[in-house]
Amino acid sequence: MNIYRVKNYEDMSRRAAAIVSAQIVLKPDCVLGLATGSSPEGLYQNLVKQYKDGDLDFSRVTSVNLDEYKGLAPDHEQSYRRFMNDHLFDHVNIDKDRTFVPDGLNEDSEKVCSAYDELIARTGGIDLQLLGLGNNGHIGFNEPADAFTCGTHCVELTQSTIDANKRFFASEDLVPRYAYTMGIGNIMAAKKILLIVSGKAKAEALKAALTGPVTPKVPASVLQLHPDVAVVADEDALELIDKH
Ligand code: F6R
């Protein structure tokens, strides 16, 4: 695991964008596993800038997103499909037909999840999986649990995640209670993983993930077992972890 300690959110975004763009340059037809939320917004801005400057070509890239709220339509303001369009896909030359997000509108969880696992397999597998970290240690929507999950599944969101995400909704009642998410098995099957973390609110979770025991109670701790992980985290997020 390589840990890159950076000063702040801006530096994290730039450094992480360099890793994603290197992946695209080295393998133009790569499969990117993508994430939503506050953590990657700056990274996506950097990628859009690199594209506009003529330094990056998304035309052969395929993307698969980690997760989607169950019950939200793709054009809903808070759907993860909408987030990806707004922050990245609408601003670069990616072929939208090769961008995938779980189908939040389909109520048939089994169908959605098995179709998503088959889709990931058909892409040939994820080259680089981008992850943010939940305050409770979640990755994707894999919440703290008694066992690690394998494939894509439907989860009931914990109160801690509802609390963290309600800032995006007009009221807490409007936060969906369920989501579809890739499982820990899907994430661990990616060839490379890039975890980006910023802010003091994540410090406890990051410490537990990187230095604590590997346990499904801290889903991100499983990353200690992956052979190729880059963590780009700022001073605030790393404040509980020694520099040496
Ligand atoms: C988003 C996702 C989540 C977030 C995590 C951190 O697709 O899967 O695991 O990465 O909740 O969210 P932010 O970045 O908003 O703090």
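Let me begin by describing the structure that accompanies this report. Fair warning: this is a prediction, and the values are worked out from it, not measured in the lab. (Residues numbered from 1 in each chain as written. Predicted model: local features only at pLDDT ≥ 70, side-chain atom pairs only at ≥ 80, totals over all residues. Heavy atoms only, no water.)

**Description of the packing of helix 1 (residues 9–26) against helix 2 (residues 41–52)**
Where helix 1 contacts helix 2, the two axes come as close as 8 Å, and the packing angle between them is 55 degrees. When the interaxial angle is binned, helix 1 and helix 2 end up oblique. In the packing of helix 1 onto helix 2, the handedness of the crossing is right-handed. Packed against helix 1, whose contacting residues are Tyr 9, Ser 13, Arg 14, Ala 16, Ala 17, Val 20 and Ser 21, the element helix 2 presents Glu 41, Gly 42, Leu 43, Asn 46, Leu 47 and Gln 50 at the interface. (Axes fitted to C-alpha atoms, helices over the stretch in contact; angles between N-to-C directions. Helix = DSSP H or I, 4+ residues; strand = E, 2+ residues; numbered from the N terminus. Parallel < 35°, antiparallel > 145°, perpendicular 65-115°, else oblique. Left-handed = near helix turned anticlockwise from the far one by under 90°. Contact = heavy atoms within 4.5 Å.)

**Some remarks on the site of the ligand**
Of all residues adjacent to the ligand, which total 14 residues, the nearest are Ser 39, Asp 67, His 138, Gly 140 and Lys 202. One nitrogen or oxygen atom from the side chain of His 138 is found 2.6 Å from an oxygen atom belonging to the ligand. A distance of 3.1 Å separates an oxygen atom of the ligand from a polar side-chain atom of Arg 167. Considering the ligand on its own, with 410 Å² of exposed area, one finds that the protein chains cover 93% of that surface. (Near = heavy atom within 4 Å. Polar contact = N/O pair within 3.5 Å; in protein donor to acceptor, adjacent residues only side chain to side chain. Areas by Shrake-Rupley, 256 points an atom, 1.4 Å probe, with all protein chains shown as cover.)

**Overview of the packing of aromatic side chains**
Under the definition given, this model contains five aromatic pairs. When the ring of Tyr 80 is compared with that of Phe 141, the centres are 6.0 Å apart and the planes differ by 15 degrees; the resulting orientation is stacked. One end of the pair, Tyr 80, is in helix 3 (residues 80–87); the other, Phe 141, is in the loop between strand 6 (128–131) and strand 7 (153–156), and 61 residues separate them in sequence. When sorted by exposure, Tyr 80 lands in the same class as Phe 141, which is buried. Grouping aromatic residues by their ring pairs yields a cluster made of Tyr 69, Tyr 80, Phe 141 and Phe 169. (Phe/Tyr/Trp six-rings, centres within 6.5 Å; stacked < 30°, edge-to-face > 60°. Buried < 20%, exposed > 50% of the residue type's maximum accessible area, 1.4 Å probe, protein only.)

**Quick look at the pattern of salt bridges**
Under the criterion given, the structure shown has 13 salt bridges. Residue Asp 146 pairs with Lys 217 through a salt bridge whose shortest N-O separation is 2.5 Å. Pair noted here: Asp 146 is in the loop between strand 6 and strand 7 and Lys 217 is in the loop between helix 7 (203–211) and strand 10 (229–234), with a separation of 71 residues, a long-range link. The class for Asp 146 is exposed, based on a relative accessible area of 68%. Take Lys 217: its relative accessible area is 48%, and that puts it in the partly exposed class. Among the ionic pairs, Lys 166 bridges to Glu 172, the shortest N-O distance being 3.7 Å. Here Lys 166 falls in the partly exposed class, since its relative accessible area comes to 33%. (Salt bridge = Lys/Arg side-chain N within 4 Å of Asp/Glu carboxyl O.)

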